[in-house]
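Spelled out from the first residue to the last, the chains are:
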Amino acid sequence: MAIQKVMVIGAGQMGSGIAQVCAQAGYEVILNDMKDEFFERGLNTITKNLVRDVEKGRKTEEEKFAVLARITKSLTIEDAKDADIIIEAAVENMDIKQSIFKQLDEIAPKHAILATNTSSLPITEIAAVTKRPEQVIGMHFMNPVPVMKLVEIIRGLATADEVYETVAEMTKQLGKTGVEVNDFPGFISNRILLPMINEAIYALYEGVASKEAIDDVMKMGMNHPMGPLTLADFIGLDTCLSIMEILHEGLGDSKYRPCPLLRKYVAAGWLGKKSGRGFYIYES
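This one's a predicted model, so the numbers in the text were calculated from it and none came from an experiment. (Residues numbered from 1 in each chain as written. Predicted model: local features only at pLDDT ≥ 70, side-chain atom pairs only at ≥ 80, totals over all residues. Heavy atoms only, no water.)

Draft legend 1. Seen up close, the overall build of the chain. Counting secondary structure elements, the chain contains eleven helices and eight strands. Projecting the C-alpha coordinates of the chain onto the three principal axes gives extents of approximately 55 × 45 × 30 Å. For the chain, buried positions account for 49% of its 284 residues. Carbon together with sulfur atoms contributes 53% to the accessible area of the chain, which is approximately 13900 Å² in total. (Helix = DSSP H or I, 4+ residues; strand = E, 2+ residues; numbered from the N terminus. Buried < 20%, exposed > 50% of the residue type's maximum accessible area, 1.4 Å probe, protein only. Areas by Shrake-Rupley, 256 points an atom, 1.4 Å probe, with all protein chains shown as cover.)

Draft legend 2. Representation of the environment of Thr 166 within the structure. Counting through the fold element by element, Thr 166 comes out in helix α6 (residues 161-173). Through-space distance from the C-alpha of Thr 166 to that of Ile 188 is 21 Å; in sequence the pair is 22 residues apart. When neighbours within four sequence positions are excluded, Thr 166 is seen to be in contact with Met 1, Ile 3 and Ile 113. Among the polar contacts made by the side chain of Thr 166, one reaches the main-chain carbonyl oxygen of Glu 162 at a distance of 2.9 Å. (Contact = heavy atoms within 4.5 Å. Polar contact = N/O pair within 3.5 Å; in protein donor to acceptor, adjacent residues only side chain to side chain.)

Draft legend 3. Examining the domain arrangement of the chain more closely. For the chain, the assigned domains are domain 1 (5-182) and domain 2 (190-275). Using C-alpha coordinates to define each centre, domain 1 is positioned 27 Å away from domain 2. Across the contact, five residues belong to domain 1 and four residues belong to domain 2. Buried area between domain 1 and domain 2, both sides added, is near 380 Å², and the carbon and sulfur share of it is 52%. On the domain 1 side of the interface with domain 2, the three residues burying the most area are Glu 92, Ser 119 and Ser 120, jointly 70% of the side's total. Summed over the shared surface of domain 1 and domain 2, the result is zero salt bridges. Scanning the region where domain 1 abuts domain 2 turns up one residue pair in polar contact (both at pLDDT 80 or more). (Domains from an automatic or database assignment. Buried area = accessible area lost by both parts, 1.4 Å probe. Salt bridge = Lys/Arg side-chain N within 4 Å of Asp/Glu carboxyl O.)

Draft legend 4. Highlighting the side chain of His 140. Its location among the elements puts His 140 in strand β6 (residues 136-141). Excluding residues that lie within four positions of it along the chain, His 140 makes contacts with Thr 116, Asn 117, Thr 118, Ser 119, Leu 150, Val 151, Glu 152, Ile 154, Phe 187, Ser 189 and Asn 190.

Draft legend 5. Examining the UniProt feature "domain: 3-hydroxyacyl-CoA dehydrogenase C-terminal" (unreviewed entry) in the chain more closely. What UniProt calls "domain: 3-hydroxyacyl-CoA dehydrogenase C-terminal" (unreviewed entry) maps, in this numbering, to residues 186-282. Taken end to end, residues 186-282 is 61% helix and 0% strand, and its two terminal C-alpha atoms sit 28 Å from one another. (UniProt positions renumbered as here; feature names shortened; annotations may be inferred.)

Draft legend 6. Layout of the packing of helix α7 (residues 189-205) against helix α9 (residues 228-235). Between α7 and α9, the shortest axis-to-axis distance is 9 Å and the interhelical angle comes to 115°. The crossing of α7 and α9 is left-handed. Facing α7, whose interface residues are Leu 193, Met 196, Ile 197, Ala 200, Ile 201 and Leu 204, α9 presents Pro 228, Leu 229, Leu 231, Ala 232 and Ile 235. When the residues that make up the contact of α7 with α9 are grouped by side-chain class, the tally is eleven nonpolar, no polar and no charged. (Axes fitted to C-alpha atoms, helices over the stretch in contact; angles between N-to-C directions. Left-handed = near helix turned anticlockwise from the far one by under 90°. Nonpolar A, V, L, I, M, F, W, Y, C, P; charged D, E, K, R; others polar.)

Draft legend 7. Representation of the pairing of strand β7 (residues 150-155) in the model. For β7, a buried count of five out of six residues is recorded, marking the element as mostly surrounded by other parts of the structure. Pairing of β6 with β7 involves five bridges; the strand directions are antiparallel. Residue pairing in the sheet places Ile 137 in a bridge with Arg 155 of β7. Here β7 pairs with strand β8 (residues 177-182) via six bridges, running parallel. When the bridges of β8 are listed, Val 151 appears paired with Gly 178. After leaving β7, the chain enters α6 and then returns to the sheet as β8, a path that is right-handed. (Pairing = 2+ DSSP bridges. Right-handed = clockwise from strand over helix to strand, strands pointing away.)

As structure tokens, this is what we get:
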């Protein structure tokens, strides 16, 4: 199936990045969110990214304007009626995602693929609320989307081979590398990454070392680009907790138990960079 028009649900950090890379690849993009201010914030992020590309000589002014011209504003999910693939990038909550997919199933054309950018929720469970589970698939982009090359392509239990192949080809057109993953809690990226972050939080909680020391060991000793506690702040501590809970519930192993300190920080509203405070304090 040829994909020409892409709809992205959610104009936040991930959704705006997905919209940008799709528009850069030549696709017509419908960028949807609930409020005009959310769309404008997402479009501003895209524009800043493109301006930076022009300043660094990676794009011309003409290319910048061409990318922006391919992005159309949407404030209603009804616009899914014109899309060949819809990529949902809403909040990481099963009830919300299932509600969106139920609506998309009714509105989107019969041929349309329904994709989710979930970082850990089961594709099969999302697909189960639709009448087209064979056309539901996971496309887990990495953050920041315009920079990171990986996309986890996750098959649900019913995902058709043709749908997988179409999404894998689209991923190539986006200049990304797709990695096929089966539908298990946390997939590959977060099943490995989040327990490492959680263990770093335990080391802080138990007084093994300071937060700076823990991050320095992983940066200078393991050659990680940033320490796990800094990375947790950038991901969002609420997101980290949510993924650890999904791993703990889905795999039933005590090694995935979220650290009490992580729970305490989230309860305090210390969510990381986005709230101004997590393991570190950030200037507004």
